[in-house]
Amino acid sequence: MPDWSNYRGVLVYVEQRNGAAKNVSWQLLGAGQKLAAKLDVSLMALVIGDQVEHLAREAICYGADRVFLCEGPELKDYRTRPYSRITLKLIEDVKPEICLFGATATGRDLAGAIATHLPTGLTADTTELDVEPPPSRLLLASRPAFAEKMMATILCKQYRPQMATARAGVFQALPRDPDRKGEIVRIPNPMGEEQIATRVVEFIEQKSGVNLEEAEIIVAGGRGLGGPEPFKMLKELADALGGEVGASRACVDAGWIKHEHQVGQTGCTVRPKLYFAIGISGAVQHTVGMSNSEVIIAINKDPDAPIFQFAHYGIVGDLFKIVPAITAQVRQR
Ligand code: FAD
């Protein structure tokens, strides 16, 4: 077994766009802090961008002990080459034993680019993270496998750092502590604009604007709706509450609603403050994506529906009567 004793600490990549961090970054700091505490090491964060010092301070509020900050106008938008060069250089210098990235489009690209340059592996899309205590210090990175039918725990025994991307909404951020103290270390960008072969011409926002992963309230519908039309009723409730509409895969497969609304193993993992499960039976592939919601309200005509095992509040009855009644009540307030 090689000697990796000079690799210590947990490093979390803080993803941002236009100076706003993705929530998954703070969730990963929450997960990273638990790993760091078990290993008795420090929790580090990396922030890259243009004028993003405020995010370095935020990372400290969310649990980082030391934040590496790389700023410059050429780093305003994410581009693989400069971002991966900065991260690789930091890994070489600081030697973290664990590196965590959000399983977002950017995080997947960045982590993949880094893993191909290092003699190490990458566990993608993890939904559970734990660590074996010293002396093994092995990261236990678990994710659904074999068409999502079982959980696999993947180990990186031979190399360091141990790298993983993790789904948004799975891990819990620590409560933000504005008085928390930490260190910000500025690091240089080794690549000037002239050395970067790619340029971001335009950024086109997704038209639908559905953002379930960041939504605080989700009103989700299932096959019990019987067709696409009743989703309008759910949208009315969602609008009255200032939330988003979600769906089970059964509705997406039936073509009633687009995939971007799907919650579950093959859709989004969500952690809203309030989740309505309406006409959804509660199959494991659905609940794995929403069971971490703060408050779950289930509406189902079947009193034995498995969703009631996850719900904090359950209403047994016909959704076509109950949903409009709730919407009317909400509108009156
Ligand atoms: P059903 O199971 O058919 O439940 C409908 C519910 O509506 C029932 O409980 C019924 O009592 C209730 N109902 C009917 N009429 C009314 C009424 N008028 N009022 C009140 N209640 C009513 N599923 C996901 O959701 N997300 C995923 O990401 C996902 N990934 C999958 C991945 C794999 C590999 C596999 C094999 C499956 C996956 N599934 C996923 C599918 C999952 O197994 C279930 O089939 C699906 O979640 C069922 O959707 P549902 O609850 O809407 O439908």
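All residue numbers refer to position in the chain's written sequence, counted from 1. Residue-level local features of this predicted model are given only where pLDDT is at least 70; pairs of side-chain atoms are given and counted only at 80 or more, and the full residue set underlies all totals for whole chains, interfaces and linings. For the side-chain quantities, the full set of heavy atoms in the structure was used; hydrogens and water were omitted.

(A) The arrangement of the site of the ligand in detail. In these notes, residues near a molecule or strand are those with any non-hydrogen atom within 4 Å of it. In the region of the ligand, 26 residues are neighbours, and Arg 223, Ser 248, Thr 266, Ser 281 and Asn 300 sit closest. In protein, a polar contact requires one atom able to donate a hydrogen and another able to accept it; more generally it is a pair of N or O atoms within 3.5 Å, and residues adjacent in sequence count only if both atoms are side-chain atoms. Note that an oxygen atom of the ligand is positioned 3.4 Å from one of the backbone N or O atoms of Gly 267. Between Leu 319 and the ligand, the recorded distance is 2.9 Å, taken from a backbone N or O atom to a nitrogen atom. Calculation on the ligand without its partners gives an accessible area of 990 Å², and the protein chains cover 78% of this total. Gly is put with the polar residues, along with every residue not named as nonpolar or charged; the nonpolar set is Ala, Val, Leu, Ile, Met, Phe, Trp, Tyr, Cys and Pro, and the charged set is Asp, Glu, Lys and Arg. For the shell around the ligand, a count of residues per class yields seven nonpolar, 14 polar and five charged. Shrake-Rupley sampling with a 1.4 Å probe provides the accessible areas, and residues are treated as covered by the protein chains on show and by no other component.

(B) Region of interest: the sheet that holds strand E6 (residues 98-102). Taken together, the seven strands give an open sheet; going across it, the order is E7-E11-E6-E1-E4-E5-E12, and neighbouring strands pair in parallel fashion. The sheet terminates laterally at strand E7 (122-126) and strand E12 (183-186), the two strands that pair on one side only. For this sheet the average axis-to-axis angle between neighbouring strands, irrespective of direction, equals 20°. In terms of strand pairing, E7 meets strand E11 (residues 162-166) through three bridges, oriented parallel. Looking across to E11, one finds that Thr 126 is bridged to Ala 166. DSSP bridges decide pairing: two strands pair if at least two such bridges lie between them. Helix numbers and strand numbers start at the N terminus; a helix is a DSSP run of H or I with at least 4 residues, a strand a run of E with at least 2. Note on method: axes are straight lines fitted to C-alpha atoms, helices fitted across the in-contact stretch only, with angles between N-to-C directions ranging 0 to 180 degrees.

(C) Region of the structure containing the pattern of salt bridges. Salt-bridge detection follows one rule: a side-chain nitrogen of Lys or Arg within 4 Å of a carboxyl oxygen of Asp or Glu. Inspection of every chain in the model, using the stated rule, returns 16 salt bridges. With a shortest N-O distance of 3.7 Å, Arg 57 and Glu 53 are connected by a salt bridge. With Arg 57 and Glu 53 both in helix H2 (residues 53-61) and four residues apart, this pair spans about one turn of that helix. When accessible area is computed with a 1.4 Å probe and restricted to protein chains, residues below 20% of their type maximum are described as buried, those above 50% as exposed, and intermediate ones as partly exposed. When its relative accessible area of 45% is taken as the criterion, Arg 57 is described as partly exposed. With a shortest N-O distance of 3.9 Å, Glu 183 and Arg 66 are connected by a salt bridge. Of this pair, Glu 183 sits in strand E12 while Arg 66 sits in strand E5 (residues 66-71), and the two are 117 residues apart along the sequence. Given the relative accessible area of 28%, Arg 66 is considered partly exposed.

(D) Molecular detail of the state of the cysteines. When the sulfur atoms of two cysteines come within 2.5 Å, that pair is taken as a disulfide. Using the criterion set out here, one finds zero disulfides in the structure. The structure places no disulfide on Cys 156, whose sulfur is separated from the nearest cysteine sulfur, that of Cys 99, by 11 Å. With relative accessibility at 16%, the residue Cys 156 sits in the buried group. With no disulfide of its own, Cys 268 has Cys 251 as its nearest cysteine by sulfur position, at a separation of 14 Å. Take Cys 268: its relative accessible area is 15%, and that puts it in the buried class.

Structural measurements only, silent on function.
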